[in-house]
Amino acid sequence: LQRGTVRIGTADTILFSYLLPILERYQIEFPRVEVYVKTTTAGDVFEQIQAGTFDLGIVFNAADILPKTLNLQYEVLYKEEFVWAVGTNHPLAKRTSVSFKEMASFAFAMLPESSHVRQICERRLRSVGVTINVSFELENEEAMEKVIKTNLAIALLPARRTKNSGIHRLRVPDTPIRGEVSLVLPKREYFPRAVREFVGLCRERKLPRPRRRSARV
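Owing to the predicted nature of the structure, the values given are computational and were not obtained by experimental measurement.

Some thoughts on helix 7 (residues 193-205)
In this model, helix 7 (13 residues) spans 19 Å end to end at C-alpha, consistent with the 18 Å of a helix rising 1.5 Å per residue. Every buried residue belonging to helix 7 is among A194, V195, F198, V199, L201 and C202, and all of these are buried. Mapping the buried residues of helix 7 onto a view down its axis gives an arc of 155°, with all of them on the same face. The inward-facing, buried residues of helix 7 abut strand 1 (5-10), helix 1 (12-29), strand 3 (56-60), strand 4 (72-87) and strand 9 (177-186).

Quick notes on the environment of V181
With respect to the helices, strands and loops of the structure, V181 is situated in strand 9. The exposure class assigned to V181 is buried, which follows from its relative accessible area of 0%. With 38 residues separating them in the primary sequence, V181 and A143 have C-alpha atoms 20 Å apart. Not counting residues within four places of it along the chain, the set of residues in contact with V181 comprises I14, I58, V59, F60, E75, V76, L77 and Y78.

Focus on the environment of L111
Examined against the element boundaries, L111 turns out to sit in the loop between strand 5 (107-110) and helix 5 (116-127). Accessibility expressed as a relative area gives 11% for L111, which makes it buried. Counting along the chain gives 55 residues from L111 to L56, while the straight-line C-alpha distance between them is 23 Å. Those residues in contact with L111, other than ones at most four positions away along the chain, are T13, V117, R118, E137, L138, E139, N140 and M144.

Focus: the side chain of N140
With respect to the helices and strands, N140 occurs in the loop between strand 6 (133-137) and helix 6 (141-149). Among the polar contacts made by the side chain of N140, one reaches the main-chain amide nitrogen of A143 at a distance of 3.0 Å. Apart from the residues within four sequence positions on either side, N140 is in contact with D12, T13, F16 and L111.

Observations regarding the packing of aromatic side chains
What the rule picks out here adds up to six aromatic pairs. Centroid distance F60 to F82: 5.7 Å. Interplanar angle 65°. Geometry classified as edge-to-face. Of the two residues, F60 is situated in strand 3 and F82 in strand 4; the sequence distance between them amounts to 22 residues. Of the two residues, F60 and F82, both sit in the buried class. A ring pair is formed by W84 and F108, whose centres lie 5.6 Å apart and whose planes are at 90°; its orientation type is edge-to-face. Placement of the pair is W84 in strand 4 and F108 in strand 5, with a sequence separation of 24 residues. With respect to class, W84 is no different from F108; both count as buried. In this structure an aromatic cluster arises from ring pairing among Y26, F30 and F198.

Looking at the nonpolar core
Counting residues in each nonpolar core, the largest one holds 58 residues, and the members touching the most others are L19, L56, I58, W84 and F198. Here this core gets seven residues from one element, more than from any other, and that element is helix 1. With sequence-adjacent residues up to four places away left out, F198 is seen in contact with V6, I8, L19, I22, L23, Y26 and L56. The next biggest cluster of nonpolar side chains, apart from the first, holds twelve residues, and it includes F54, Y74, V76 and V184.

Looking at the pattern of salt bridges
Tallied over the entire structure, the rule returns 17 salt bridges. When salt bridges that share partners are traced, they join E80, E141, E142, E145, K149, R160 and R161 into one network.

Brief notes about the pairing of strand 1
Note that strand 1 and strand 2 (residues 34-39) share six bridges and pair parallel. Looking at strand 2, one finds that T5 is bridged to E34. The parallel pair strand 1 and strand 2, bridged by helix 1, forms a crossover whose chirality is right-handed. The sheet contact formed by strand 1 and strand 3 spans three bridges and is parallel. Its bridge partner being in strand 3, I8 is matched across the sheet by L56.

Rules used throughout
For every chain, the first residue of the written sequence is number 1, and numbering continues from 1 onward in sequence order. Restriction of local features to residues with pLDDT of at least 70 applies here, the model being predicted, together with a cutoff of 80 or more for giving and counting side-chain atom pairs; totals for whole chains, interfaces and linings are based on all residues. With hydrogens and water excluded, all non-hydrogen atoms of the structure serve as input to the side-chain values. By definition, any uninterrupted DSSP run of H or I lasting at least four residues is a helix, any uninterrupted run of E lasting at least two residues is a strand, and each is numbered from the N terminus. Expected span of a helix, by definition, is 1.5 Å for each gap between consecutive residues, and there is one gap fewer than residues. Between buried and exposed lies partly exposed: a residue is buried under 20% and exposed over 50% of the maximum accessible area for its type, with that area taken using a 1.4 Å probe on protein chains only. Note: the arc covers the axis-to-C-beta directions of the helix. We call two residues contacting when some pair of their heavy atoms lies within 4.5 Å. Polar contacts here mean pairs of N or O atoms no more than 3.5 Å apart (in protein, one a potential hydrogen donor and the other a potential acceptor; neighbouring residues in sequence count only if both atoms are side-chain atoms). Pairs were defined over the aromatic rings of Phe, Tyr and Trp, the Trp ring being its six-membered one, requiring ring centres within 6.5 Å. Orientation was assigned from the angle between planes: stacked under 30 degrees, edge-to-face over 60, tilted for the rest. Here, the term nonpolar core denotes a set of buried Ala, Val, Leu, Ile, Met, Phe, Trp, Tyr and Cys residues that are joined through side-chain atoms within 4.5 Å. By definition here, a salt bridge exists when the distance from a side-chain nitrogen of Lys or Arg to a carboxyl oxygen of Asp or Glu is within 4 Å. Any two strands are treated as partners once DSSP identifies two or more bridges connecting them. Look down the strands so they point away from you; if going from the first strand over the helix to the second traces a clockwise path, that crossover is right-handed.

Structure (structure tokens):
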């Protein structure tokens, strides 16, 4: 593949936790292909794919938020579980279980309001009548992990991150919160080879194989 372009829209969290190794491998295999990545909201990703500005997107929970009016298709790449976590020296770290109401008296670190993961989280909290104090609004999981390691806040993190040193997973009712990370493409039969090769690498890296609605490429 001597030339080509792949334009990708995604979220900060997905870029750092999933896409970077794929981008590195793609650059090694296809050094002459130009790759452009923009982190933005899922809604913007959909609009930019529809407009032809992006070739593809990788977003959370496309099944729930992809407008039916858009001529787009999606498939699930992997499933993610989100759990509440604190630093190992946080006052709640020694508790065997914690309620949402008990958590509400502490500071929270959250993704931006535009984040779909945050919106799911806030709906869950509202359903049990809990209001929280968001002291840190951060762009990605890496920043959230660093903050909670200082024991300053509670955060919702992917379950895999709670295995890292300095992080304690809280046992909270009605968790984990589950989501899906999906590949989004225009509904059409033909895609340039540069795009097909990138999609192939994404499919190779996906984590446990869930049932999916397949996007043909």
